[in-house]
Amino acid sequence: KILIIGACGQIGSELTYKLREIYGNKNVIASDINYNNVDLVNSGTFEIIDAMDYASLKICCEKHNIDTVYLMAAILSATGEKYPMKAWDLNMQSLFHVLNLAKGKAIKKIFWPSSIAVFGPTTPKNNTPQRTVMEPTTVYGITKQVGERWCEYYHEKYNVDVRSIRYPGLISWKTLPGGGTTDYAVEIYHEALKKESYECFLSEKTALPMMYMDDAIDATVKLMTAKEEDVKIRSSYNLAGISFTPDEIANSIRKEIPNFKISYQPDFRQSIADTWPSSIDDTEAQQDWNWKHKFDLDAITKEMLTNLKEKNKTS
Ligand code: VAH
């Protein structure tokens, strides 16, 4: 059975829906620190777990006969800069607990998300390769870089089957993101529908690697169902979708909402975005487990506006 830690979050909630579709509702246990995603909590078995509490994690895995854990709880880049030690403690302790559960044979397989935030200002910005200079300057990026080192170490030393993806910024409509630098690319759609305008906290030419959530979930399932011998990278795989600037996403929205207006008020998150790549090379993911993204920017815009309109009607 599968346990998703951080199931109420932007990725965790969508992973829960998708994995329940694939493996059956009763085989996927959702958990989070609180109940703050009502329709997810009511969609199947839900447990309150503090990802920093090893004992409650172990008890939950025994109680539900868990063999695979998706660790999706984390403090993201922007919030991590406000609470550095909290971000370090949560992001690292939760990873050690899950790695040690696997080392102790209490579970068999782990998914742990890394991020393009592992790269820093000295990393080549365009088509950033899988292996390159990585000097992250955010706490979140540091936790992802050192987390990748620990994942590879536990695989090499203890044969733990841990698999990981460096997600780009993710765009989705089902669950709001929390505390990320790429969250502007989600907020902009909500604001476009609400008031046909958006004040963007990044500057207009800030190009960042981005991806539609459906592509990210497909990649995650592809990696987790790949044959063990095909998973050649045990730190974390680069994953690329598209790259765009706030100006380009605004132009895409104008194709659906002609009067849409955007203004720019860069805040502290601009200095985080400036340290990240503009685009990513994911050759290894393509070669090792046949990855290919589907959604381009205009398709994402159509998906987001259509689904958010629908969701706003019912909520
Ligand atoms: C963040 N959405 O903004 C996350 C992600 C690449 C960005 O790691 O912090």
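Everything that follows concerns the structure shown earlier in this document.
Residues numbered from 1 in each chain as written. Predicted model: local features only at pLDDT ≥ 70, side-chain atom pairs only at ≥ 80, totals over all residues. Heavy atoms only, no water.

**A look at the environment of Asn34**
(1) Moving on: Secondary-structure assignment places Asn34 in the loop between β2 (28–32) and α2 (38–41).
(2) Moving on: Under the relative-accessibility criterion, Asn34 is labelled partly exposed at 31%.
(3) Moving on: C-alpha of Asn34 to C-alpha of Lys86: the two residues are 52 residues apart in sequence and 17 Å apart in space.
(4) Moving on: Excluding residues that lie within four positions of it along the chain, Asn34 makes contacts with Cys8, Phe46 and Ile48.
(5) Moving on: Of note is the side chain of Asn34, whose polar atom sits 3.1 Å from the backbone nitrogen of Asn36. (Helix = DSSP H or I, 4+ residues; strand = E, 2+ residues; numbered from the N terminus. Buried < 20%, exposed > 50% of the residue type's maximum accessible area, 1.4 Å probe, protein only. Contact = heavy atoms within 4.5 Å. Polar contact = N/O pair within 3.5 Å; in protein donor to acceptor, adjacent residues only side chain to side chain.)

**Side note on the site of the ligand**
(1) Moving on: Every residue close to the ligand is listed here: Leu76, Ser77, Ser115, Ile116, Tyr140, Tyr167, Pro168, Gly169, Gly180, Thr181, Thr182 and Trp276.
(2) Moving on: With respect to the ligand, the backbone of Thr181 contributes an N or O atom lying 2.7 Å from an oxygen atom.
(3) Moving on: In this structure, a nitrogen atom belonging to the ligand sits 3.0 Å away from a side-chain N or O atom of Thr182.
(4) Moving on: For the ligand, whose unbound accessible area comes to 280 Å², protein coverage reaches 95%.
(5) Moving on: By residue class, the composition of the shell around the ligand is six nonpolar, six polar and no charged. (Near = heavy atom within 4 Å. Areas by Shrake-Rupley, 256 points an atom, 1.4 Å probe, with all protein chains shown as cover. Nonpolar A, V, L, I, M, F, W, Y, C, P; charged D, E, K, R; others polar.)

**Observations concerning the sheet that holds strand β11 (residues 242–244)**
(1) Moving on: Here three strands make up an open sheet; going across it, the order is β7-β9-β11 and the pairing mixed. The strands lining the two open edges of the sheet, one partner per strand, are β7 (169–171) and β11. For this sheet, the mean angle separating the axes of adjacent strands, direction not counted, is 45°.
(2) Moving on: Contacting β7, β9 (208–212) and β11, helix α12 (residues 297–314) crosses the sheet at an angle of about 55° to β9. (Pairing = 2+ DSSP bridges. Axes fitted to C-alpha atoms, helices over the stretch in contact; angles between N-to-C directions.)

**Things to note about the side chain of Gln130**
(1) Moving on: Mapped onto the elements of the fold, Gln130 is located in the loop between β5 (109–115) and α6 (139–158).
(2) Moving on: Within the structure, Gln130 has its side chain in polar contact with the backbone oxygen of Ser236 (distance 2.6 Å).
(3) Moving on: When residues no more than four places from it in sequence are discounted, the contact partners of Gln130 are Arg166, Ile233, Ser235, Ser236, Tyr237, Asn238, Asp281 and Glu284.

**Describing the pattern of salt bridges**
Any two side chains of opposite charge can pair, on the condition that their charged atoms come close.
(1) Moving on: Under the criterion given, the structure shown has 17 salt bridges.
(2) Moving on: One salt bridge connects Arg163 with Asp161, and the closest N-O pair in it is separated by 2.9 Å. Just as Arg163 is buried, Asp161 falls in that class too.
(3) Moving on: Between Lys227 and Asp230 there is a salt bridge, with the nearest N and O atoms lying 3.3 Å from each other.
(4) Moving on: Overall, Asp230 belongs to the partly exposed group, its relative accessible area being 22%.
(5) Moving on: Several salt bridges share partner residues, and in doing so they unite Asp161, Arg163 and Arg234 into one network. (Salt bridge = Lys/Arg side-chain N within 4 Å of Asp/Glu carboxyl O.)

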